[in-house]
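Observations on the model geometry
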Amino acid sequence: MSNILSVMTFLPIVGVLLLLFIPKGSNGALRSVALVTTVVTFIASLPILTGYQTNAEYQFVENVPWIAAGPFAMRYNIGIDGISLWLVILTTFIMPIAVLSTWTAVEDKVKEYMICLLILETAMLGAFISLDLFLFYIFWELMLIPMYFMIGIWGGKNRLYATVKFFIYTLVGSLLMLVALIYLYFLGTKTGITDFSLVHFFDLKIDPATQTWLFAAFALAFAIKVPMFPVHTWLPDAHTEAPTAGSVILAAIMLKMGTYGFIRFAMPLFPEATHQFTPLIATLAVIGIIYAALVAMVQEDVKKLVAYSSVAHLGFVMLGLFALNEQGVTGALLQNLNHGISTGALFLIVGFIYERRHTRLITDFGGLSKQMPIFAVIFMIVTLSSVALPGTNGFVGEFLILVGGFESSLRWWTIVASSGVIFAAVYMLWMFQRVMFGELDNPKNQALLDLNAREIAIMVPLLVMIFVLGVYPNPFIEKMTPSIKKVIAHTRIEPITTAKVAVPAVVPAAEAVPADHAAPVQPVTEPAAAKPAAH
Amino acid sequence: MDINVAQLFQTINLNVIMPEVILSVLGMALLLVNVFVPSKSKGYLAWLSLIGIVGAGFAAVTGWGTTVSSFSDSVVQDNFAIFFKIIFLLAAGLAVLISDQYMSREECNHGELYPIILFTTVGMMLMAAATDLMTIFLGLELMSISLYVLAGFNRDSIKSNEAGMKYFLLGAFSTGFLLYGMALIYGVTGTTRVAKIAALVTQVGGASNTMLLIGMFLMLTGFLFKIAAAPFHMWTPDVYEGAPTPMTAFMSAGPKAAGFAAMLRLLLVAFPSMIADWSDLLWILAVLTMTVGNFTALRQDNIKRMLAYSSIAHAGYCLVGFASGTATGTSGILFYMLSYTFMNIGAFAVIVLIGKKGEPNGTVMDYAGLGHKRPLLALAMTIFMFSLAGMPPTAGFIGKFYLFSGAVQAGYIWLAIIGVLNSAASVYYYLRVIVYMYFKPGEEEFDWFSVTAPVALALVVSAAGSLIPGIIPSMILQFAQQAVKLI
């Protein structure tokens with residue numbers, strides 16, 4: 001099937017149309033249709049996994065004209081490479097879980113809720129597969145609308161504040177990106193580029209001064225979504241107020257949009273600026289790691305704690321990305337997936353206990369492991385994966401990030417960031433201890449039921465992925481590697497020398513060479529690269 | 001002076017103004033018919049005017065692609081005029097659709113309403129088609145005087161009276177400026193033909209000619225008043241609030257587009273050589289207009305006042321496209337005006353249904369719970385709000401994209417940045433309506449007006465018009481592109 005990506009992306013919309021014909025109130029039917037739609041979407045997305053050729057090219061490409069008027073030509077240009085492949089699969093994989101997780105949690109306006117979920121899925125998939133900048137922007141913005149309603153209608157007590165903050169924050173960033181995007185296009189037209197296709201802009205030689213502000217505009221949009229310190233403040237609010245499925249989707253998929261944006265757009269499009277901004281971004285990432293960990297430690301609300309742990313985890317991802325070497329970027333992308341699975345699972349767990357007790361305060365719990373043994377085991381596994389215990393998914397990603405960081409120009413940042421690993425263990429395990437162990441002294445907790453079959457069914461796929469990724473991550477890495485190399489080559493300032501170095505770079509020992517090379521090469525080649533661009 | 005009648009008729013080609021003729025004749029006929037229609041069934045007049053509007057629309061589109069001038073070059077039928085005529089007819093049609101229910105409720109359903117709407121439309125069409133200063137003035141006055149009447153149409157309401165009066169006094173004042181400017185231009189160049197002015201402007205020294213500069217700016221003042229650009233916007237909130245809601249809807253879309261039409265033609269055809277001067281003025285006004293509009297709208301509880309300030313902001317966005325002077329920006333204005341007609345009249349159509357008798361100016365709080373009780377109506381309002389806010393995939397987004405692109409293309413990057421920051425601020429007050437509709441519980445005993453067939457039709461058309469051009473904009477964009485090729 002050549003149009004498999006389109007089919008997959010718009011299947012949820014078919015589900016929306018079906019939902020429209022189901023009368024309000026028949027909640028069972030509404031939930032089933034939404035579940036079937038997301039499962040079918042997941043199955044429909046599997047052929048891209050099996051059919052994926054391990055190379056750096058964009059695959060399953062569809063490229064047809066869409067808007068053509070005036071100076072612009074937008075194309076419906078979609079395709080995936082090793083970077084987006086797993087994010088697409090992650091999205092389709094998480095969505096049925098998200099639907100199942102709200103099976104009993106959402107009783108009110110089920111129809112609208114499911115419609116929001118499905119539109120959100122289409123928007124997220126669309127953003128991951130877009131190879132046209134304008135198309136990407138449309139999907140990117142479209143994501144905001146269903147999430148806004150999900151938090152605003154089905155969220156917690158303080159949902160209004162959270163949802164408006166979420167909306168405005170993310171919108172400000174992306175609107176500036178829009179201006180940069182338009183500017184980039186007009187820059188391209190001078191060299192004969194006639195559409196918004198991403199690949200056309202890669203070879204554009206932009207002078208470093210212009211790159212600086214273009215990168216800044218793109219980076220702000222992505223940094224808000226990541227979210228990086230100090231623009232992360234919308235996230236704890238949004239996470240805490242969102243319904244369980246909303247938190248799961250936010251953590252597991254939507255935050256990935258930010259890091260994905262960096263590696264797909266901001267870094268390869270503006271290589272000089274990337275190097276220029278690396279110290280700043282690394283600093284912010286490290287501050288994020290430490291700061292979020294410290295804040296997480298003092299949280300009384302489990303969900304807020306998990307939300308802040310997200311900020312810390314994504315700080316690691318950003319550090320890995322800006323190490324700009326193979327290990328670092330691979331680790332970052334892997335950690336992206338891991339965070340999606342582990343933190344998604346954590347939010348589900350928080351959802352389970354919230355549904356039972358309608359509280360999320362750590363002090364309200366204690367000793368739950370005696371009452372809920374299955375839950376305790378699952379919670380333990382997820383917690384350990386979140387603190388990156390070897391054998392779980394979190395370890396592989398974090399290890400690669402730290403290795404990559406040490407071997408790059410970010411050595412000192414990495415050393416500081418390493419302490420974040422310890423902090424993470426502290427706040428996660430402490431939280432686990434206070435919730436699960438100790439005396440079961442609260443009478444309300446003594447009547448708690450253990451997980452039911454549906455809840456176990458939700459968690460099993462995630463647990464399986466935690467171990468698969470933790471023990472045997474190679475198949476995942478293999479499919480990413482060629483694309484990662486290509487991005488790194490794009491981001492290096494002198495593409496010719498990197499092409500030569502990149503071949504032996506497969507041997508890990510040789511990785512130190514290009515990383516060290518990058519710094520001295522930079523000032524020499526910069527004017528040389530800039531000069532032909534001026535003419 | 002002896003007039004050769006045969007020669008005179010040769011220069012008259014009625015086809016050029018056929019849509020205007022249709023509407024004028026129908027309007028006068030309806031004034032007569034009105035006498036025989038009992039006051040309970042003025043709705044028939046609405047349907048009759050609608051037929052005329054559709055007919056005029058057909059008459060207008062048949063000329064697409066050709067440029068025919070008539071009446072000694074004072075009126076032209078070209079793509080530009082036709083595009084705007086379609087906008088005006090849509091605005092008039094939608095306004096007529098939502099009028100009957102509201103006017104009956106407010107007990108001011110006098111039959112003159114529909115003919116006056118038609119005459120306003122004729123005025124607006126003349127403004128878009130005029131290629132002579134005098135014809136522009138003629139159209140502007142026909143439009144304005146009819147609008148003064150429409151604003152004060154609910155004669156039992158003090159607010160409506162105030163609106164009509166205020167609009168009239170300030171409008172007359174701005175017309176004075178316009179006329180004075182025209183007089184100065186005529187004094188300097190010796191002609192009132194827009195096309196001839198362009199050549200003469202360079203002869204008399206362009207921007208170095210003070211009289212010409214003053215004349216141009218005075219004329220601009222007149223138009224800026226009509227499009228409610230800051231600092232000539234003061235009348236807007238009061239007039240919009242006081243006027244009957246369907247007329248507010250009409251006023252916010254049609255005359256604004258007409259103002260832009262005349263301004264575009266005048267500046268692009270007569271003063272292209274002075275672009276540096278007018279574009280400097282326009283970007284300053286664009287920044288001012290956007291900012292004043294948006295930041296005042298943030299504080300409004302009354303939804304009509306909020307939309308009045310938001311319409312000021314929207315004029316500001318269009319001025320961003322205008323200031324660039326590029327084809328992208330100017331065709332963006334055309335696209336934007338078309339989509340704005342749908343989304344804004346759509347929003348006002350919802351307001352028409354929400355208002356209570358005697359207290360037609362609902363606050364945002366009155367929308368609490370609408371999402372539960374009238375999901376479809378709330379959905380429509382959501383589409384309009386998101387489109388006004390410029391969220392993809394709506395027409396409002398594509399429109400803003402083209403307007404801001406024009407600015408970027410012309411090198412006004414910071415202007416585009418101010419523009420997008422402004423639209424980010426605007427999102428707050430549009431979202432507020434959505435917040436009340438979906439996130440706040442409503443009063444139980446509150447009952448809204450039922451949706452009658454004409455209003456439902458208007459809502460469906462508006463919603464489709466706000467959504468479809470956002471997803472498949474190519475065709476309309478191409479029409480807009482062809483339309484701005486003025487010379």
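Above this text sits the structure in question.
Report follows, based on the coordinates. It should be emphasised that the depicted structure is a prediction, and the values quoted were computed from it without experimental measurement.

Brief notes about the overall build of chain A
A tally of regular secondary structure across chain A gives 22 helices and two strands. Taking 24 Å as the expected radius of gyration for a compact globule of 535 residues, we find that chain A reaches 23 Å, a close match to that expectation. Taking all contacts inside chain A whose residues are at least 6 apart in sequence as the whole, residues at least 24 apart take part in 81%. Counting only carbon and sulfur atoms, one obtains 70% of the accessible surface of chain A, whose full area is about 17700 Å².

Quick word on the interface of chain A and chain B
Contact with chain A, which involves 38 residues of that partner, is made by 36 residues of chain B. In terms of surface lost to chain B, no three residues of chain A exceed Y148, L160 and V179 of chain A, which account for 14% of the buried area on that side. At the boundary of chain A with chain B, the tally comes to zero salt bridges. In this structure, the connection of chain A to chain B is made through six residue pairs in polar contact (both at pLDDT 80 or more). For the side of chain A that touches chain B, the secondary-structure elements that each account for two or more residues are strand 1 (59–69), strand 2 (72–80), helix 5 (133–142), helix 6 (144–154) and helix 7 (159–189) of chain A. Sort the elements by how many residues they give to the side of chain A that touches chain B and helix 7 of chain A lands first, with 15 residues. Here the side of chain A that touches chain B is built from residues that sort into 31 nonpolar, three polar and four charged.

Describing the side chain of R454 of chain A
All names here are of chain A. Structurally, R454 is set in helix 19 (residues 453–471). At 4.0 Å, E455 is the nearest oppositely charged side chain to R454, a buried residue that forms no salt bridge. Side-chain polar atoms of R454 contact the side chain of T104, separated by 3.1 Å. Excluding residues that lie within four positions of it along the chain, R454 makes contacts with L100, S101, W103, T104 and E355.

Re helix 12 (residues 271–297) of chain A
Residue and element names in this part refer to chain A. Over its 27 residues, helix 12 runs 37 Å from end to end, which matches the ideal 39 Å to within 8%, given 1.5 Å per residue. Where helix 12 bends most, the angle comes to about 50°, and this point is F277, followed within four residues by the proline P279. Within helix 12, 19 of the 27 residues are buried, which leaves the element mostly enclosed by the surrounding structure.

Calculation criteria
- Residues numbered from 1 in each chain as written.
- Chains lettered and ligands numbered in written order.
- Predicted model: local features only at pLDDT ≥ 70, side-chain atom pairs only at ≥ 80, totals over all residues.
- Heavy atoms only, no water.
- Helix = DSSP H or I, 4+ residues; strand = E, 2+ residues; numbered from the N terminus.
- Rg over C-alpha atoms; globule rule 2.2 N^0.38 Å.
- Contact = heavy atoms within 4.5 Å.
- Areas by Shrake-Rupley, 256 points an atom, 1.4 Å probe, with all protein chains shown as cover.
- Buried area = accessible area lost by both parts, 1.4 Å probe.
- Salt bridge = Lys/Arg side-chain N within 4 Å of Asp/Glu carboxyl O.
- Polar contact = N/O pair within 3.5 Å; in protein donor to acceptor, adjacent residues only side chain to side chain.
- Nonpolar A, V, L, I, M, F, W, Y, C, P; charged D, E, K, R; others polar.
- Buried < 20%, exposed > 50% of the residue type's maximum accessible area, 1.4 Å probe, protein only.
- Lys, Arg positive; Asp, Glu negative; His and termini not counted.
- Expected span 1.5 Å × (residues − 1).
- Bend = angle between axes of the 7 residues up to and from the residue.

The analysis is restricted to geometry; functional conclusions fall outside its scope.
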